[in-house]
Amino acid sequence: MKKTIFLLLSISLLVFNGCDSDDQDQTTINYVSFESTSYDFGVDLLSSNSNDIKVYTTLISNAERVFNINIETDMSTADPASYTVPTSVSIPANTNEGSFAVNISDLNIGPDGETLVLSFTNEDDLFIGDPIVLNIKQICPYPETQLDITFDDFPEEQFWELYDSNDVLLFEGGPYPDETEFSRTFCLENGTYKILMGDIFGDGGGPYTITNNGNVLVTGDGDHGFSEEVTFQINN
């Protein structure tokens, strides 16, 4: 937010200093911007969250002003059914600050999160700031479980799969060409899980560990041939 306010002031000062004194009462340009270009948006598991996004302008008017908001679907990865965004935002009279609410539900949010990109509609005599990217992540109510792998000389051969107690595949990854290490966190409730560590060439891979809340649950030296399966329990 500080960067946005500084930018607005800089623009006003730049235009002001570049004009004659007779025109100083008309030097502030018509500019609108989101509070930042990146915003971390947490969503509770199996629920929804609403956050206010702030907007700033360089002009202060004695009447309410309305700016149209666009959803940049081509730049967003969030499921359109998961979010609600108003079509416009109002700046009340006699102020240069407004806000609008965005609601996002826990619908098809991947383990690496999703993005929702918003922008302002171009209008005549209006300068607009950069779009804002909402970085959507699930809020985990449990201590996160973490998988760490240190690859051998052939990371392009390694892969892994994580299953629940019903042998339902929850997460998977690999291979990893040109990488030396890998780390991934999961939001897992109490229960029994199984990790499959594999190597497509059959000569094993690098050592790995699974930890939860500071406790080591699984450790392997990578000497597992084509694959190995290890069952572990989470009791938070």
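Cut-off values and rules
- Residues numbered from 1 in each chain as written.
- Predicted model: local features only at pLDDT ≥ 70, side-chain atom pairs only at ≥ 80, totals over all residues.
- Heavy atoms only, no water.
- Core = buried A, V, L, I, M, F, W, Y, C linked by side-chain atoms within 4.5 Å.
- Buried < 20%, exposed > 50% of the residue type's maximum accessible area, 1.4 Å probe, protein only.
- Contact = heavy atoms within 4.5 Å.
- Helix = DSSP H or I, 4+ residues; strand = E, 2+ residues; numbered from the N terminus.
- Pairing = 2+ DSSP bridges.
- Lys, Arg positive; Asp, Glu negative; His and termini not counted.
- Salt bridge = Lys/Arg side-chain N within 4 Å of Asp/Glu carboxyl O.
- Polar contact = N/O pair within 3.5 Å; in protein donor to acceptor, adjacent residues only side chain to side chain.

## Considerations on the nonpolar core
Piece 1. By size, the foremost hydrophobic cluster in this structure holds 25 residues, and its most contacted members are Phe-100, Val-102, Leu-116, Leu-118 and Leu-134.
Piece 2. Sequence-distant contacts of Leu-118, that is, excluding residues within four places in its chain, are made with Phe-34, Ile-69, Asn-70, Ile-71, Val-85, Phe-100, Val-102, Pro-131, Ile-132 and Leu-134.
Piece 3. Among the nonpolar cores identified, the runner-up in size contains 18 residues, and Phe-151, Leu-162, Ile-195 and Met-197 belong to it.

## A look at the pairing of strand E14 (residues 181-186)
Piece 1. Of the two faces of E14, only one is covered, namely that formed by Phe-182, Arg-184 and Phe-186; the face formed by Glu-181, Ser-183 and Thr-185 stays uncovered.
Piece 2. Summarising the sheet, strand E11 (residues 145-150) and E14 pair through six bridges and their orientation is antiparallel. Its bridge partner being in E14, Ile-149 is matched across the sheet by Phe-182.

## A look at the environment of Ile-60
Piece 1. With respect to the helices and strands, the residue Ile-60 is situated in the loop between strand E3 (48-57) and strand E4 (65-71).
Piece 2. Considered as a pair, Ile-60 and Asn-94 are 34 residues apart in the sequence and their alpha carbons are 5.5 Å apart.
Piece 3. Each residue touching Ile-60, except ones within four places of it in the same chain, is listed here: Asn-94, Thr-95 and Asn-96.

## Thoughts on the side chain of Asp-199
Piece 1. Tracing the sequence through the fold places Asp-199 in strand E15 (residues 191-199).
Piece 2. An unpaired buried charge is present at Asp-199: no salt bridge exists, and Arg-184, the closest side chain of opposite charge, is 18 Å distant.
Piece 3. There is a polar contact of 3.0 Å between the side chain of Asp-199 and the backbone nitrogen of Phe-201.
Piece 4. If sequence neighbours within four positions are ignored, Asp-199 has contacts with Glu-157, Gln-158, Phe-159, Gly-204, Gly-205, His-224, Gly-225 and Phe-226.

Note that all results are geometric; they support no functional claim without further evidence.
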